[in-house]
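What follows is each chain in one-letter form.
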Amino acid sequence: MPPKTSDLERIRNFGIAAHIDAGKTTVSERILYYTGREHRMGEVHEGTATMDWMEEEQERGITITAAATNCFWGGFRLQLVDTPGHVDFTAEVERCLRVLDGAVIVFDCLNGVEAQSETVWRQANRYRVPRLVFMNKLDRPGADPAKCLEDIRKRLGANAVAVQIPIGKEKELEGVVDLIERREIRFLDDDQGATPQIRPLGPDLSDEAEIARAHLVEKVAEVDEQLLERFVAGDEVDGPTLKAAIRRATLRCDLVPALMGAAFKNRGIQPLLDSIVAFLPSPLDLPPVKGFEPEKEKEASRKPAPSEPLCALVFKIFGDAHGDLSYARIYSGVLKAGELVYNARTGKPERANRILRMHANHREPIEEASVGDIVALPGLKETVTGDTLYSKGSPILLEKSQFPEPVISMALEPKNSSDRDKLLESLKRLEREDPTFRARTDVETGQVLIAGMGELHLEVLRHRLEREHRVLTNAGKPFVSYRETIRGHARGEHRFDRELGGKKLFGHVILEVFPQEEARCNVSMEPTALAAIPKMFHASVERSVREALESGANFAYPVVNVKVTIVGGSIAPESAEVAYQAAASEALQSAMRDAGGELLEPILRFEIRTPPEYLSGVLNDLQSRRGIVEDLGVEELIRVVRGTVPAGETFGYTTALRSLSQGRASAALEPCRYAPVPDRIRREVTGE
């Protein structure tokens, strides 16, 4: 039986995201404990966290892969996804935020907004995800929630407003004041904070709380017309009225409620759960999901209702010893176990033999899934990240997420030569799982090359090859994944007219190339080309151009920042698909050579936090690495350096920074763009 509307109203799909070490997995573990999903608290530092279930995660004490679970709080079903905080695994955050209805962004109250915090916030903005802020680690010396909140407003441009104030400071933190309901919430150590003590405001807190509440009401009234009317009229704003106004503003992304606590010391998690239920959206609060019909190329939409045709987005593939799991978010309709579904990209059917509700790596079979559910489907053969599944006769294709290009490469070879085929097969599986991982065989040297987002990313994948796929490997030193582009506009033409195998073949393609700012290459066909090239060859001509862009004409690196427009060609009785493919590839090579080549290197954005006594050493080292300092700030007793540096200059940088600062400085780096390489580097790379 399809779920009732009231059931859908009581679902909350949300992710927890943060900069590494802000405490988001600890927050997730406390949520599982207090909701009764787990009967003991998992700890990241002990390697016992439920959500960090991979061996790599337990050994390193970081989250590597997004893990989904579900639990109940106050009659609401919470579907939670714990995401990685390290920049090398930012694609996991990207694809999860694409399908989640809400998010909780965790901040370390000492450090405020850090590098990955900004990345996560931009990703949430891209998909207009309503969110809450949880300012964590209030028990640490120097923790300042007011300063952290101001940092969030200033650096992220967020309209964040506190709905709580702390009771006590640092080690004396006892709980929080709920400004909405004017009450104290205190936590006891003897029961691990499981039973919060709720009481009316005491006289020692009432003045401070009333000032903070008045500020809260004023900020909410600025973005909610209903509350503004009462505010202007001077009417008293009670708790339910204020809570309803905060919810409306949060769902519109006009407001970000900010909560606070100390997850490791079991402070503030239950009020966070109450706020997730109160302020984050249910599937019914979302607008209809929009896409288009693949063949007709016209817009299509699906309302979040079980009565609508099935529409589900596969946002993650994960493989283990039992086979691949396709994680899917269902936007409309009902999916039943054993049902036939269709892939909008391939047009082919696949059977969803089983439907699993996941609790980290534990599988719970269910008979059907409906609107708002996040489930795993084992055994889908041709489905990849970003594919849309639909029911027969109701095709719809949803927009895919865009992922950054890999910036670091490495040569790999099996220790046992007989394992080469096994290595290639295992790399294909990892490539299917991870949209930021690439594996290819160099046609000239025969080397297997892998590429990813950073040294840690490639190291983790190597260890997975050994542990999960039983393939031992030797690896070369990491090297930069260069790209190439063009300097100007040019036109290319090639006529393929020759005899092969006793058969005459003809193909003729004319195209133009243009520089563009957008990183991904765009390929399109003008109406003149559509008429001049046989219709049956249109798709293969475009595919041939895209394949040729994988190895440019000037430096043999993948091409970026280029627009290709196919403008013409001609037809002959001997027209053949293979001839048009060859003509398209040659025309592109010719045009790119005429347009002039530019070699590009990946540039990383950095944020370095260092005690002041090591600042000059850090700056001198950055200068030697061709780093550009854009901002130099001060936070308490720490100097914060922000800027950009070429990726090729950062190999082993974490170790070097530890040496420069006696282990007291830290750095976060993330890819931001490609830029032309200096002549000296270009000559080294190309061997000129």
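Being a predicted model, the structure only gives us computed values, none of them experimental. (Residues numbered from 1 in each chain as written. Predicted model: local features only at pLDDT ≥ 70, side-chain atom pairs only at ≥ 80, totals over all residues. Heavy atoms only, no water.)

Colleague: I would appreciate a short explanation of the overall build of the chain in the present structure.
Modeller: The helix and strand inventory of the chain stands at 18 helices and 38 strands. Taken along the three principal axes of its C-alpha coordinates, the chain extends 95 × 65 × 55 Å. Across the 688 residues in the chain, those meeting the buried criterion constitute 55%. For the chain, the share of sequence-separated contacts (at least 6 apart) that also reach a separation of at least 24 residues comes to 72%. Accessible surface computed for the chain: about 30,200 Å², of which carbon and sulfur atoms make up 49%. Taking the 91 positively charged and 107 negatively charged side chains of the chain as two groups, their mean positions are separated by 3 Å. (Helix = DSSP H or I, 4+ residues; strand = E, 2+ residues; numbered from the N terminus. Buried < 20%, exposed > 50% of the residue type's maximum accessible area, 1.4 Å probe, protein only. Contact = heavy atoms within 4.5 Å. Areas by Shrake-Rupley, 256 points an atom, 1.4 Å probe, with all protein chains shown as cover. Lys, Arg positive; Asp, Glu negative; His and termini not counted. Charge placed at Lys NZ, Arg CZ, Asp CG, Glu CD.)

Colleague: Please clarify how the environment of Glu399 should be interpreted in this entry.
Modeller: Its place among the elements puts Glu399 in the loop between strand S24 (397-398) and strand S25 (408-414). Sequence spacing of Glu399 and Phe292 is 107 residues, and the spatial spacing of their C-alpha atoms is 8.8 Å.

Colleague: Looking at this structure, how should I read the sheet that holds strand S5 (residues 131-136)?
Modeller: To summarise the sheet geometry, strands pair through backbone hydrogen bonds and adopt either a parallel or an antiparallel arrangement. The seven strands lie next to each other as S2-S3-S1-S4-S5-S11-S6, forming an open sheet whose pairing is mixed. Unpaired on one side and paired on the other, strand S2 (67-73) and strand S6 (160-162) mark the two borders of the sheet. Averaged over all adjacent pairs, the angle separating strand axes in this sheet is 30°, with direction ignored. Note that strand S1 (residues 11-18) and strand S3 (residues 76-82) share six bridges and pair parallel. (Pairing = 2+ DSSP bridges. Axes fitted to C-alpha atoms, helices over the stretch in contact; angles between N-to-C directions.)

Colleague: Looking at this structure, how should I read the nonpolar core?
Modeller: When a protein is soluble and globular, its nonpolar side chains tend to lie buried together. Formed by 48 residues in total, the largest nonpolar core has its most connected members in Val27, Leu78, Val104, Leu216, Leu242 and Ile246. With sequence-adjacent residues up to four places away left out, Ile246 is seen in contact with Val163, Ile180, Leu216, Val220, Leu255, Pro257 and Phe279. With 33 residues, the next largest nonpolar core counts Ala490, Leu511, Tyr580 and Ala584 among its residues. (Core = buried A, V, L, I, M, F, W, Y, C linked by side-chain atoms within 4.5 Å.)

Colleague: Mind showing me how you'd approach a nonpolar patch on the surface here?
Modeller: A cluster of nonpolar residues, Leu228, Phe231 and Val232, forms a patch on the protein surface that exposes about 280 Å² of accessible area. Relative to the helices and strands, Leu228 resides in helix H8 (residues 225-233). According to the relative accessible area criterion, Leu228 is partly exposed, its value standing at 36%. (Patch = residues over 30% accessible without salt bridge, like charges linked within 9 Å, V, L, I, M, F, W, Y side chains within 5 Å. Salt bridge = Lys/Arg side-chain N within 4 Å of Asp/Glu carboxyl O.)

Colleague: Is there a simple way to think about the packing of aromatic side chains in this case?
Modeller: Centre distance and the angle of the planes are the two values used to describe a pair of aromatic rings. In this structure the tally under the stated criterion is six aromatic pairs. Seen in terms of ring centroids, Tyr342 and Tyr390 are 5.9 Å apart; in terms of plane orientation they differ by 25°. Their pairing is stacked. In this pair, Tyr342 sits in strand S17 (residues 339-343) while Tyr390 sits in strand S23 (residues 388-390), placing the two residues 48 residues apart along the sequence. Considered together, Tyr342 and Tyr390 belong to a single accessibility category, that of buried residues. Just above the ring of Phe76 sits the side chain of Arg10; from NZ or CZ to the centre is 4.2 Å. Positioned over the ring face of Tyr331 is Arg329, at 4.7 Å from the centre of the ring. (Phe/Tyr/Trp six-rings, centres within 6.5 Å; stacked < 30°, edge-to-face > 60°. Lys NZ or Arg CZ within 6 Å of the ring centre and 35° of its normal.)

Colleague: What am I meant to see in the packing of H8 against helix H9 (residues 239-251) here?
Modeller: When two helices pack together, their arrangement is given by the angle between their axes and by how far apart the axes lie. For the pair H8 and H9, the least separation of the axes is 9 Å and the interaxial angle reads 140°. What the angle tells us is that H8 and H9 run oblique. Residues Gln226, Leu227 and Arg230 of H8 pack against Thr241, Leu242, Ala245 and Arg248 of H9. Counted by class, the contact of H8 with H9 contains three nonpolar, two polar and two charged residues. (Parallel < 35°, antiparallel > 145°, perpendicular 65-115°, else oblique. Nonpolar A, V, L, I, M, F, W, Y, C, P; charged D, E, K, R; others polar.)

Colleague: Please clarify how the pattern of salt bridges should be interpreted in this entry.
Modeller: When the charged atoms of two side chains lie near each other, side chains of opposite charge can form a pair. The full count for this structure, using the stated rule, is 47 salt bridges. Across the salt bridge formed by Glu92 and Arg95, the nearest N and O atoms sit 2.3 Å from each other. Of this pair, Glu92 and Arg95 both sit in helix H4 (residues 90-97), separated by three residues, roughly a single helical turn. Assessed through its relative accessible area of 9%, Glu92 is described here as buried. Arg625 is the partner of Asp621 in a salt bridge, and the nearest nitrogen-oxygen pair spans 2.9 Å. Arg625 matches Asp621 in its accessibility class, with the two residues each being buried. Linked through salt bridges whose partners overlap, the residues forming this network are Glu118, Arg155, Glu607, Arg609, Asp631 and Arg642.

Colleague: What am I meant to see in the state of the cysteines here?
Modeller: Two cysteines whose sulfur atoms are joined by a covalent bond form what is called a disulfide. For the structure shown, the criterion picks out zero disulfides. There is no disulfide at Cys253, and the cysteine sulfur nearest it, in Cys96, is 18 Å away. Classification of Cys253 by relative accessible area gives partly exposed; the value is 26%. No disulfide involves Cys311; its sulfur sits 18 Å from the nearest other cysteine sulfur, which is in Cys96. (Disulfide = S-S within 2.5 Å.)

Colleague: What is the right way to read helix H11 (residues 420-433) from this model?
Modeller: In an α-helix, one turn spans 3.6 residues, which is why side chains three or four residues apart end up on the same side. Here H11 is 14 residues long and its end C-alpha atoms lie 20 Å apart, about the 20 Å a rise of 1.5 Å per residue gives. Within the span of H11, buried status applies to Leu423, Ser426, Leu427, Leu430, Arg432 and Glu433. (Expected span 1.5 Å × (residues − 1).)

Colleague: I would appreciate a short explanation of the pairing of strand S11 (residues 256-260) in the present structure.
Modeller: Each regular strand carries side chains that alternate between the two faces of the sheet. Counting buried residues in S11 gives five out of five residues, a clear majority hidden from the surface. Residues Val256, Ala258 and Met260 point to one face of S11 and Pro257 and Leu259 to the other, with burial holding for every one of them. Sheet analysis places S5 next to S11, joined by three bridges and oriented parallel. Among the inter-strand pairings, Phe134 is bridged to a residue of S11, identified as Leu259. For S6 and S11, the ladder comprises three bridges, and the chain directions are parallel. Opposite Ala162, over in S11, you have Ala258 as the bridge partner.

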